[in-house]
Amino acid sequence: MQRDNIIEELYYGNISPWEKQFDRDSEYAKYLKIVSDNEAKLNAFLSDAKEEKHLFGALMNAQGEILDFREQGRFVEGFQLGAAFMLDTFVLPQMSVVNDVL
């Protein structure tokens, strides 16, 4: 994908870092299947227990929210770290008094 202006691409929704595909044979896929299978088994086990099933659903939703917060925080931290690297690489060396050494 050719990007003329990455900020415009982000604005128009052409860049969405949260939408990533994964290899179905990866370690991630293996553990995702374990979670999914166990969630289905627990839901089947709790099929007649409405309150317990509701509590389990609330637990799963809260866990998902926690993961969303964590992913958002890590995305922001990664972006800030990348910006700091860019600043250090392209701006600060030009301001250095030891430019002639390199």
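These numbers were taken from a predicted model, which means no experiment stands behind them. (Residues numbered from 1 in each chain as written. Predicted model: local features only at pLDDT ≥ 70, side-chain atom pairs only at ≥ 80, totals over all residues. Heavy atoms only, no water.)

Asker: Hey, could you run me through the overall build of the chain in this one?
Answerer: Counting its regular elements, the chain contains three helices and zero strands. Counting from the amino terminus, the chain carries its helices and strands in the arrangement α-α-α. (Helix = DSSP H or I, 4+ residues; strand = E, 2+ residues; numbered from the N terminus.)

Asker: Explanation requested: the layout of surface pockets in the structure shown.
Answerer: A probe as big as a water molecule, rolled over the atoms, marks out the empty space that is left. If you add up the space inside the largest pocket, you get close to 770 Å³. Around the largest pocket sit 22 residues that line it, and Trp18, Tyr28, Leu32, Leu67 and Glu71 are the ones nearest its centre. Residue assignment for the lining of the largest pocket shows that the elements contributing at least two residues are α2 (27–45) and α3 (50–95). The leading source of residues in the lining of the largest pocket is α3, at eight residues. For the lining of the largest pocket, the residue count by class is twelve nonpolar, five polar and five charged. (1 Å grid on protein atoms, 1.4 Å probe; cavity = no way out; pocket = protein on both sides within 12 Å on 5 of 7 lines; lining within 4 Å. Points joined across faces, edges and corners; volume = space filled by probe spheres on them. Nonpolar A, V, L, I, M, F, W, Y, C, P; charged D, E, K, R; others polar.)

Asker: Would you explain a nonpolar patch on the surface in this entry?
Answerer: Together, Met86, Leu87, Phe90 and Val91 line one region of the surface with nonpolar side chains, adding up to about 370 Å² of accessible area. On the secondary structure map, Val91 appears in helix α3. Of the residues examined, Val91 reaches a relative accessible area of 34% and is grouped as partly exposed. (Patch = residues over 30% accessible without salt bridge, like charges linked within 9 Å, V, L, I, M, F, W, Y side chains within 5 Å. Areas by Shrake-Rupley, 256 points an atom, 1.4 Å probe, with all protein chains shown as cover. Salt bridge = Lys/Arg side-chain N within 4 Å of Asp/Glu carboxyl O. Buried < 20%, exposed > 50% of the residue type's maximum accessible area, 1.4 Å probe, protein only.)

Asker: Teacher, can you tell me more about the pattern of salt bridges here?
Answerer: If you walk through the whole model with that rule in mind, you get two salt bridges. Glu27 is the partner of Lys30 in a salt bridge, and the nearest nitrogen-oxygen pair spans 3.9 Å. One end of the pair is Lys30 and the other is Glu27, both in helix α2 and three residues apart, which spans about a single turn. Note on Lys30: relative accessible area 42%, which makes it partly exposed. In this structure, Asp37 engages Lys33 in a salt bridge whose closest nitrogen and oxygen atoms are separated by 2.8 Å. With Asp37 and Lys33 both in helix α2 and four residues apart, the pair spans about one turn of that helix. The exposure class assigned to Asp37 is partly exposed, which follows from its relative accessible area of 32%.

Asker: Please explain the environment of Asn5 as it appears in this structure.
Answerer: By the element assignment, Asn5 lies in the segment before α1 (6–11). Assessed through its relative accessible area of 32%, Asn5 is described here as partly exposed. There is a polar contact of 3.0 Å between the side chain of Asn5 and the backbone nitrogen of Ile7. (Polar contact = N/O pair within 3.5 Å; in protein donor to acceptor, adjacent residues only side chain to side chain.)

Asker: Can you walk me through the packing of aromatic side chains in this structure?
Answerer: We describe a pair of aromatic rings using the distance from one ring centre to the other and the angle between the two ring planes. Overall, the coordinates contain three aromatic pairs when judged by the stated rule. Between Tyr11 and Tyr12, the ring centres sit 5.0 Å apart and the planes meet at 85°, which makes this aromatic pair edge-to-face. Accessibility assignment for this pair places Tyr11 and Tyr12 in one class, exposed. Pairing Phe22 with Tyr28 gives two aromatic rings, centres 5.0 Å apart and planes at 70°, and the pair type is edge-to-face. Owing to a relative accessible area of 52%, Tyr28 belongs among the exposed residues under this scheme. (Phe/Tyr/Trp six-rings, centres within 6.5 Å; stacked < 30°, edge-to-face > 60°.)

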